2 protein chains.
Amino acid sequence: MQPADREQHRRALAQVLGESQVRWDEESLRTHQRDTWFLHVWRACHQRLADEPLCVVWPRSTGEVRSVVRYAADHRLPLVPFGGGSGVCGAIAPTASAIVLDLRRMNHLLELNETALYARVQAGKMGNELEGELNAAGYSAGHFPQSIALSTVGGWVATRAAGQYSTRYGNIEDILLALEVVLPNGSVLRTKTVPRAATGPDLRQLFLGAEGTLGVVTEVTLKIFPRPESTLLQSFSFADMATGLEAIRRILRAGWRPAVVRLYDAVETVRHFPAASAGTNCLLLVVSEGPGAYTVAEAAAVAGVCAGAGGEAHGPTPVEHWLRERNNVPSFESFIERGLVVDTIEVAATWDRIATVYHEVVAAVQAVPGALVASGHSSHSYAQGTNLYFSFAARPPAPERAEETYLECWRAAMEATLRAGGSIAHHHGIGRVRRPWLRAELGEGVEVLRAIKHALDPSGLFNPGTLLPD
Amino acid sequence: MQPADREQHRRALAQVLGESQVRWDEESLRTHQRDTWFLHVWRACHQRLADEPLCVVWPRSTGEVRSVVRYAADHRLPLVPFGGGSGVCGAIAPTASAIVLDLRRMNHLLELNETALYARVQAGKMGNELEGELNAAGYSAGHFPQSIALSTVGGWVATRAAGQYSTRYGNIEDILLALEVVLPNGSVLRTKTVPRAATGPDLRQLFLGAEGTLGVVTEVTLKIFPRPESTLLQSFSFADMATGLEAIRRILRAGWRPAVVRLYDAVETVRHFPAASAGTNCLLLVVSEGPGAYTVAEAAAVAGVCAGAGGEAHGPTPVEHWLRERNNVPSFESFIERGLVVDTIEVAATWDRIATVYHEVVAAVQAVPGALVASGHSSHSYAQGTNLYFSFAARPPAPERAEETYLECWRAAMEATLRAGGSIAHHHGIGRVRRPWLRAELGEGVEVLRAIKHALDPSGLFNPGTLLPD
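Residues numbered from 1 in each chain as written. Chains lettered and ligands numbered in written order. Predicted model: local features only at pLDDT ≥ 70, side-chain atom pairs only at ≥ 80, totals over all residues. Heavy atoms only, no water.

Enquirer: Describe in detail the packing of helix H3 (residues 38-45) of chain A against helix H15 (residues 402-419) of chain A, supporting the description with residues and values.
Expert: All names here are of chain A. Put simply, H3 and H15 touch, their axes get as near as 11 Å, and they point 170° apart. When the interaxial angle is binned, H3 and H15 end up roughly antiparallel. Facing H3, whose interface residues are Phe38, Leu39, Trp42 and Arg43, H15 presents Ala402, Glu403, Tyr406 and Leu407. Looking at the contact of H3 with H15 residue by residue, the class counts come to six nonpolar, no polar and two charged. (Axes fitted to C-alpha atoms, helices over the stretch in contact; angles between N-to-C directions. Helix = DSSP H or I, 4+ residues; strand = E, 2+ residues; numbered from the N terminus. Parallel < 35°, antiparallel > 145°, perpendicular 65-115°, else oblique. Contact = heavy atoms within 4.5 Å. Nonpolar A, V, L, I, M, F, W, Y, C, P; charged D, E, K, R; others polar.)

This is how it looks when you write it as structure tokens:
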């Protein structure tokens, strides 16, 4: 696009939305040209990021989002919805002709329905702000991604997020009651706020995980939960991951749903729980929430299962430590400064496959030249299986081979997961980093997704390059 | 279609599948020309059913389903997937050129995974047969529609079914772990058997409630549940529906999830519980299932909430009566013989609207000329709201006005539900009877559904006339 055309589009959009809602200063473009994918951060540190977008628009209403969508459609400009920019898979990488649509001025809590237990909120609301407002009224959304202070509610929907308390309160698809989306053709889809319906396929599901490729989520209605009457904390150590995973399986199989069930492998137990780790190996944290009689019964059952599976009780202290530290993570920049490539990779599998996934992924990543450490924990469990959240660090053989080493670790993890029958993503999504393996994951489903994409966005303007393989 | 063409297609399909798997005898055509929608039964009783289909095919494998789908596509013949034929909304009404695809020879339990708690089963398996085989192994699918002996597992998916124990075990969309679908273009979509994934939109959801319009469900993987350690039964009476509904709301709000929570209005309490109804008004049945310590805590909490909301305990006897009688319903024919039109209509709404929906729907149906009785119960509850399952009977002013009177009762119920902010269908689906109100329910969602339909089935061959309005 010629500089004159860039200038003309910017001024035309400023005309449509108002001067204060369209930005193309260096700072605005730089902060909207990427998400928090490791490779994006690495490239930013090394001045290797490619394009800056055409401009950033800041709509304040669904009507203004429609105006931007129509402008983009009329001029065939790519459009990239932007929430907190906290995604870690590279879903945000606008080209030079793209309009970035920052939703964060759409941040109002529109309705708090205490009888029907839901909150209706604009999609650009930051997660921790919503949670704070709900807490003040005696409620919680039950959704605690580690990014809660960095992500928006619309971003939760777009990425199919999971929160730390998911085993009791559900993932975002369980918590989402209704939504409003501006579609690529400029029309507005609002789903009805009802507890359940059988009125054709559930249309909310099209946008849960679409990563901005099928529309702009503008409003979200989430279930809310009265603050729990009781919260009980327990921890247990296990000899190895397989034994700990088996304990979790038995807890879930019996029908219990602790809010938090986290099992760290030996490496991560030492890393995150130095005080507790003397004499322990794999550490399991359990938080029970609910009515008092419920948590007492659940905590006793959990203790019984863990003892029966060879676990040793370690009391509430490790859980209290985790509750304080859970959202503190070292920045990617701190590793990049030391010449390391690092990342987290979350996958999922059924119980009969999960121990194999753990061992194979750790072994495969550790076999990558330069790999220093690969470790994992389970943090979201179901009666059918659980996730594994791996972390790795590697020192590239030479600085110029950093991207290659990083991508080799990813390839090792993805291929090992697929070989073992797991799913390549539990809750971070696809973005750009996982696109090469989406066909192996979904099979014919990729063609179904492509057909839906073409049906709703025939010009392919919505967040191109994300999710769907070329 | 000319008789010679009909004959040619029949013989060609017999060539493709084998003689024994293609039928066009009178009995086969008659038993596959309709589902159990009241108007279908009424028309059958009065020899007023319209078309009989071209033929009925009985595939035994996914490969054979593909062959039929390809034949239908090549010759542009409509194709109507058929399970148990127990649907009550008119989704099955093949035209004279349609191939009806009866799935019931695909009835094998393919895998029972006791570690990961799932059962993989061909879509034509009858519900009660699956449940019986699971019970024999110590498990349950947790899904008990009243039609369990008449419906297939594939039909459960296609119609977005709900079972009587849904409040604990979930509706079919919660129980469905994976599926296989033959798409209109003849390709096969198999979703991965994983507990949860963030790999784009959840493609299972396209087929949950699609009523055969987007593909043929050929295989279903359902979660299974170990038989509960404990089951506790309670019942309570309430002065009126609003008071009983408020008690349910409080039980769910506190975080309890009894397997069964059913509240009958005064009319239905007298009808279904003659022994218990002396001195009662609205009757609430509660079944708690799970670990022993769980059910004891839940039953005590339920009793406390009900007492606090003005309920009076009536013990387990009414629940035992319901458990025995729950799937015995008088046939439509028995009413038709008496000159009556009758039906059931299930809707849903959030807690702040549900009492209004109850009163407005009952009043609207009772105001229809000829209406004899309108009543309702709540049978599927959520923290956000509940369903209402209405029944009505009417005597048309003249026999030739039976259809008009019947449809007038439906119109009254649908319009009253929409006015009160409810959803027009909780779990029976749309079929033909609810199509006139789908646009009022979904708004722009109808256009989204239409776009998806066109993307997957551009020739419109899959179960035309169902779900989507013209």
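Enquirer: Give a description of the interface of chain A and chain B that names residues and reports values.
Expert: In this complex, chain A contributes 84 residues to the contact, which on the side of chain B involves 84 residues. At the surface where chain A touches chain B, the tally comes to four salt bridges. In this assembly, chain A and chain B are joined by 30 residue pairs in polar contact (both at pLDDT 80 or more). Top contributing element to the side of chain A that touches chain B by residue count: helix H17 (residues 445-456) of chain A, with seven residues. Counted by class, the side of chain A that touches chain B contains 47 nonpolar, 23 polar and 14 charged residues. (Salt bridge = Lys/Arg side-chain N within 4 Å of Asp/Glu carboxyl O. Polar contact = N/O pair within 3.5 Å; in protein donor to acceptor, adjacent residues only side chain to side chain.)

Enquirer: Could you give an account of the nonpolar core, naming the residues involved and the relevant values?
Expert: Of all hydrophobic cores here, the largest spans 240 residues; its most connected members are Leu222 of chain A together with Leu222 of chain B. With sequence-adjacent residues up to four places away left out, Leu222 of chain B is seen in contact with Leu117, Tyr118, Ala119, Leu130, Ala141, Val153, Trp156, Ile172, Ile175, Leu176 and Leu177 of chain B. (Core = buried A, V, L, I, M, F, W, Y, C linked by side-chain atoms within 4.5 Å. Buried < 20%, exposed > 50% of the residue type's maximum accessible area, 1.4 Å probe, protein only.)

Enquirer: Let's hear about the pattern of salt bridges: which residues, and what values?
Expert: The final tally for this structure, using the stated rule, is 50 salt bridges over all chains. Close ionic contact of Glu346 of chain A with Arg434 of chain A constitutes a salt bridge, the shortest N to O distance being 2.7 Å. You can see Glu346 of chain A sitting in strand S16 (residues 341-350) and its partner Arg434 of chain A sitting in the loop between H15 and helix H16 (438-442), a full 88 residues away along the chain. With a relative accessible area of 0%, Arg434 of chain A lands in the buried category. With its nearest N and O atoms 2.9 Å apart, the salt bridge here joins Arg435 of chain B to Asp470 of chain B. Of the two residues, Arg435 of chain B is situated in the loop between helix H15 (402-419) and helix H16 (438-442) and Asp470 of chain B in the segment after helix H17 (445-456); the sequence distance between them amounts to 35 residues. Looking at Arg435 of chain B, the relative accessible area reads 16%, which means it is buried. Through salt bridges that share partners, Glu111, Arg120, Glu180, Arg190 and Glu219 of chain A make up one connected network.

Enquirer: For the confidence of the model for chain A, give the residues involved together with the corresponding values.
Expert: Model confidence for chain A is summarised by a mean pLDDT of 97, while 99% of its residues fall at 70 or above. Confidence metrics for the complex model read pTM 0.97 and ipTM 0.97. (pLDDT = per-residue confidence, 0-100.)

Enquirer: Tell me about the sheet that holds strand S13 (residues 260-264) of chain A, and please be specific about residues and values.
Expert: Residue and element names in this part refer to chain A. Spatial ordering of the open sheet is given by S15-S12-S14-S13-S17-S18-S16, a layout of seven strands whose pairing is antiparallel. One side of each edge strand has no neighbouring strand; the edge strands of this open sheet are strand S15 (312-313) and S16. Direction of pairing for strand S12 (residues 230-238) relative to S15: antiparallel, over a ladder of two bridges. Within the sheet, the bridge partner assigned to Phe236 lies in S15 and is Ala313. The sheet strands contacting H15 are S16 and strand S18 (385-394), and the helix crosses S16 at an angle near 10°. (Pairing = 2+ DSSP bridges.)

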